[in-house]
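Results of the structural survey
For reference, the chains in residue letters:
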Amino acid sequence: MFLKSLGSLLWHFLWVGALGFGGGFGMIPLMKTVTLSHHWLSVSEFNEAIAMGQITPGPVAISATFIGDRVAGTLGALVATVGVFTPPVLLIVALTHWYTKLKKVPGVQNVLYATLAGVVGLIAGVTIMLGQSIIHNIIGGVFVAVALVAGRYKLPYWAIIMCAGLAGAVFLRGS
Amino acid sequence: MGHDTGIKTGSPNSFGGEKPSLKTLLQVYGKIGILGFGGGFAVLSFIRSEVVTRHHWLTEEQFDHVVEMTSFAPGPTTTNVMAAIAYRLLGWQGLVLGTVAVLWPSFLLILALSKLTRLLHSVWMVGVLRGIELAVIGLLVDVVFTLWHDVPKSWLTGGLALVAVAASLLDINPALIILVVAAVGVLDFLVRKKPLVPPKSDHGPTSS
């Protein structure tokens, strides 16, 4: 059973890594589907995973570590992390050798921009879905709005999350 | 763009800059891994200051070229840029160990946080977690705005984004949507035989 969990983590996070275009955040829709469809985490816990990925140094893809740990402990964390970073790193090697040629392939830019547009739409969709299940009242809405405005004003994400945690301890205790 | 920035081989030290020892590379990458909070542009300029300004492993122009290249790969821009540089400097060994050196601090920290938040069950902790869960929603909206800024605006990209929103709300697998959207990009080129954006912009999107 344990080995099966590890195998499943590895397989699914390899896919997340291979298709997560658009920078680290492009992985979030894929991670959400993988995580929630297997009932690995609740929606709340998934959001916690993303938040933790923000307050630690390094990219948001490191949320895979959190998810892996909750599924199968430390070994699960390791397997999920290796899974999510292996495809990008291998593709970087391939690009290093073939990028000049790839750039000359006609239409490659069309594919890149079409994919990016789709990825932005996916992140928007996931945000709506997560918002629906996380925001229960006006105070929740205020938290979201303040975080958004702070983000628009280029405050670092880790600082916004830390402040939201402190404010949560005060205003959302036991909720 | 100078011709020397073109990537011809993946052999070590192919930037023509100083070749670091493995130990130096791992020290620099470990430092970025510990201090690289925030992701995206903030960390990219930190990486640039270390590998270009401080250590002269490559030039500004080569660095920009690497960033542009990584927009064609999945995964986080920051670790991809560092992986690409490590590979060009020290080959496979640099690539693997360099990536591990960047990631281990955040790996250990988030692992500890995962275990800690599972064990602590005070009313305070519940409040903290609720707060950060809500903040993430606001930040994701910010991410959508930021990423959309880098996508060239056209009927096609707008339409694809809307279809992706709808498909995602209908719980269609995002992996499938990404593949379909990429296929539409191919079709678009085959039909119109034109780039999506006029050739003047020869840079890919470079933000996080």
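For the structure, see preceding data.
Residues numbered from 1 in each chain as written. Chains lettered and ligands numbered in written order. Predicted model: local features only at pLDDT ≥ 70, side-chain atom pairs only at ≥ 80, totals over all residues. Heavy atoms only, no water.

Considering the overall build of chain A
Regarding its fold elements, chain A presents seven helices and zero strands. Mapped from its N terminus to its C terminus, chain A presents α and β elements in the order α-α-α-α-α-α-α. Dimensions of chain A, computed from the C-alpha atoms along their principal axes, are close to 55 × 45 × 25 Å. Per-residue burial over chain A gives 59% buried out of 175 residues. Considering only contacts in chain A between residues 6 or more positions apart, those separated by 24 or more positions represent 61%. For chain A, the exposed surface amounts to about 6900 Å²; the carbon and sulfur share of it is 76%. (Helix = DSSP H or I, 4+ residues; strand = E, 2+ residues; numbered from the N terminus. Buried < 20%, exposed > 50% of the residue type's maximum accessible area, 1.4 Å probe, protein only. Contact = heavy atoms within 4.5 Å. Areas by Shrake-Rupley, 256 points an atom, 1.4 Å probe, with all protein chains shown as cover.)

Structural notes on the pattern of salt bridges
All chains considered together, the criterion is met by eleven salt bridges over all chains. With its nearest N and O atoms 2.8 Å apart, the salt bridge here joins K103 of chain A to E68 of chain B. Here K103 of chain A is found in helix α4 (residues 63-104), whereas its partner E68 of chain B is found in helix α3 (residues 60-70) on a different chain. You can call E68 of chain B buried: its relative accessible area is 2%. Overlapping salt bridges, with partners in common, bring together K31, E50 and R54 of chain B in one network. (Salt bridge = Lys/Arg side-chain N within 4 Å of Asp/Glu carboxyl O.)

As for helix α7 (residues 157-171) of chain A
For α7 of chain A, spanning 15 residues, the distance from its first C-alpha to its last is 20 Å, which sits close to the expected 21 Å at 1.5 Å a residue. Buried within α7 of chain A are the following residues: Y157, A159, I160, I161, A164, G165, G168 and A169 of chain A. (Expected span 1.5 Å × (residues − 1).)

Side note on the packing of helix α1 (residues 22-35) of chain B against helix α4 (residues 77-119) of chain B
Residues and elements named next belong to chain B. Taken N-terminus to C-terminus, the directions of α1 and α4 make an angle of 40 degrees; their axes are 8 Å apart at the nearest point. Taken together, the axes of α1 and α4 lie oblique to each other. The two elements α1 and α4 cross, and the hand of that crossing is right-handed. Residues L22, L25, L26, Y29, G30, I32, G33 and I34 of α1 lie in contact with α4, whose contacting residues are M82, I85, A86, L89, L90, Q93, G94, L97, G98, A101, V102 and P105. Split by residue class, the contact of α1 with α4 holds 15 nonpolar, five polar and no charged. (Axes fitted to C-alpha atoms, helices over the stretch in contact; angles between N-to-C directions. Parallel < 35°, antiparallel > 145°, perpendicular 65-115°, else oblique. Left-handed = near helix turned anticlockwise from the far one by under 90°. Nonpolar A, V, L, I, M, F, W, Y, C, P; charged D, E, K, R; others polar.)

Details of unusual backbone geometry
It is generally the case that most residues other than glycine have a negative phi and that most peptide bonds are trans. For H39 of chain A, which is not glycine, the phi torsion reads 55 degrees and is therefore positive. For H39 of chain A, the location among the structural elements is in the loop between α2 (27-37) and α3 (43-55).

A few points about the side chain of T65 of chain A
Note that T65 of chain A resides in helix α4. Overall, T65 of chain A belongs to the buried group, its relative accessible area being 0%. Here T81 of chain A takes part through its side chain, which lies 2.8 Å from a polar atom of the side chain of T65 of chain A. Those residues within four positions of T65 of chain A in sequence are excluded, and the remaining contacts are A77 and T81 of chain A together with F107, I110 and L111 of chain B. (Polar contact = N/O pair within 3.5 Å; in protein donor to acceptor, adjacent residues only side chain to side chain.)

Looking at the nonpolar core
Formed by 81 residues in total, the largest nonpolar core has its most connected members in F13, M31 and V84 of chain A. Two domains share this core, each providing at least three of its residues, namely domain 1 (1-143) and domain 2 (151-208) of chain B. Counting residues in each nonpolar core, the second largest holds 37 residues, with I47, V51, V67 and A83 of chain B among its members. (Core = buried A, V, L, I, M, F, W, Y, C linked by side-chain atoms within 4.5 Å. Domains from an automatic or database assignment.)

Digging into the packing of aromatic side chains
Applying the stated criterion across every chain yields a total of five aromatic pairs over all chains. Aromatic pair W11 of chain A and W15 of chain A: ring centres 5.9 Å apart, planes at 85 degrees, arrangement edge-to-face. Here W11 of chain A and its partner W15 of chain A are both found in helix α1 (residues 2-19), four residues apart, which amounts to about one turn of the helix. Measuring from ring centre to ring centre gives 6.3 Å for F13 of chain A and W40 of chain A, while their planes differ by 15 degrees; the resulting arrangement is stacked. Separated by 27 residues along the polypeptide, F13 of chain A in helix α1 and W40 of chain A in the loop between α2 and α3 bring together distant segments of the chain. W40 of chain A carries the same exposure label as F13 of chain A, and that label is buried. Across from the ring centre of W124 of chain B, 4.7 Å away, lies the NZ or CZ of R173 of chain A, which sits over that ring. The ring of F15 of chain B is capped by R88 of chain B, whose NZ or CZ atom sits 4.0 Å from the centre of that ring. (Phe/Tyr/Trp six-rings, centres within 6.5 Å; stacked < 30°, edge-to-face > 60°. Lys NZ or Arg CZ within 6 Å of the ring centre and 35° of its normal.)

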